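# Topology and contacts: notes
Residue strings, one per chain:
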Amino acid sequence: IPYCDTPEQLAAIIAHEWIRVRERHVMTRLGKEIGIAVLAGMLGQDHISGGAIAERILGMSGKAFDRSQEQEADDGAAELLFQAGIPPEALAQVLEKFDDQFEIAWLGTHPSTEDRVRRIRDRYPGSNKTAEPPLGLSGWNKWKVQYDQ
């Protein structure tokens, strides 16, 4: 919440995380890791070599897997926002803000922020306008002050 300048940006974060829950990203990732560990254990001669094999396979496959999940969450969140009358631009803005704060793209688990933002803006051109903000900036600022206390 401290990183959100508008209620629309908070809605964008919630929408992104909701898509991750709805699509069971955590469970999918966990199932994949368990499957790789079991397979590596069967391939390895002992516990140590099996662990090394699993680590190498996870290292090679994990980043692309996470990037595709992030893209799916971005796409789904942008669509949810659009359907709710909230400009998907709010998601682009908050992604840029998070990247400035945390520089997450270097981890390799997320697509570059530039690519993510471009994808949202390309799919929803002119979406930075909304007829009536759900909460309004003055209401948001009042709520945010109460949260910060």
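The preceding data block contains the structure.
Thresholds, definitions, all that
- Residues numbered from 1 in each chain as written.
- Predicted model: local features only at pLDDT ≥ 70, side-chain atom pairs only at ≥ 80, totals over all residues.
- Heavy atoms only, no water.
- Helix = DSSP H or I, 4+ residues; strand = E, 2+ residues; numbered from the N terminus.
- Buried < 20%, exposed > 50% of the residue type's maximum accessible area, 1.4 Å probe, protein only.
- Contact = heavy atoms within 4.5 Å.
- Areas by Shrake-Rupley, 256 points an atom, 1.4 Å probe, with all protein chains shown as cover.
- Arc of directions from axis to C-beta.
- Core = buried A, V, L, I, M, F, W, Y, C linked by side-chain atoms within 4.5 Å.
- Salt bridge = Lys/Arg side-chain N within 4 Å of Asp/Glu carboxyl O.

## With respect to the overall build of the protein
Counting its secondary structure elements, the protein contains six helices and zero strands. Put simply, the protein has 149 residues, and 35% of those count as buried. Within the protein, contacts between residues separated by at least 24 positions form 74% of all contacts whose residues are at least 6 apart in sequence. Surface accessibility of the protein: about 9300 Å² in total, with carbon and sulfur atoms responsible for 58%.

## Quick look at helix α5 (residues 113-123)
Those residues of α5 not exposed but buried are Thr113, Arg116, Val117 and Ile120. On an axial view of α5, the arc spanned by its buried residues comes to 95 degrees, and they lie on one face. In this structure, α5 carries Glu114 and Asp122 as exposed residues pointing more than 90 degrees from its buried face.

## Some details on the nonpolar core
For soluble globular proteins, the rule of thumb is that nonpolar side chains tend to be buried together. Among the nonpolar cores identified, the biggest contains 14 residues, and Ala12, Leu81, Leu91, Leu95 and Ile120 are the most heavily contacted of them. Among the secondary structure elements, those contributing two or more residues to this core are α1 (7-22), α3 (47-83), α4 (89-102) and α5. At five residues, the largest contribution of residues to this core is made by α4.

## Looking at the environment of Leu91
Within the element layout of this structure, Leu91 appears in helix α4. Judged by relative accessible area, Leu91 falls into the buried class, the value being 2%. Not counting residues up to four positions away in its chain, the partners in contact with Leu91 are Ala12, Asp74, Ala77, Ala78, Leu81 and Ile120.

## Quick notes on the pattern of salt bridges
Within this structure, the stated rule accounts for 12 salt bridges. Among the salt bridges present, the one from Arg22 reaches Glu23, with a minimum N-O distance of 2.9 Å. Arg22 gets classed as partly exposed once you look at its relative accessible area, which sits at 44%. With a relative accessible area of 30%, Glu23 lands in the partly exposed category. For Arg116, the salt bridge is made with Asp74, and the minimal N-O distance between the two is 2.6 Å. Here the residue Arg116 occupies a position in helix α5, and Asp74 occupies one in helix α3, the gap between them amounting to 42 residues. Each member of the pair, Arg116 as well as Asp74, is classed as buried.

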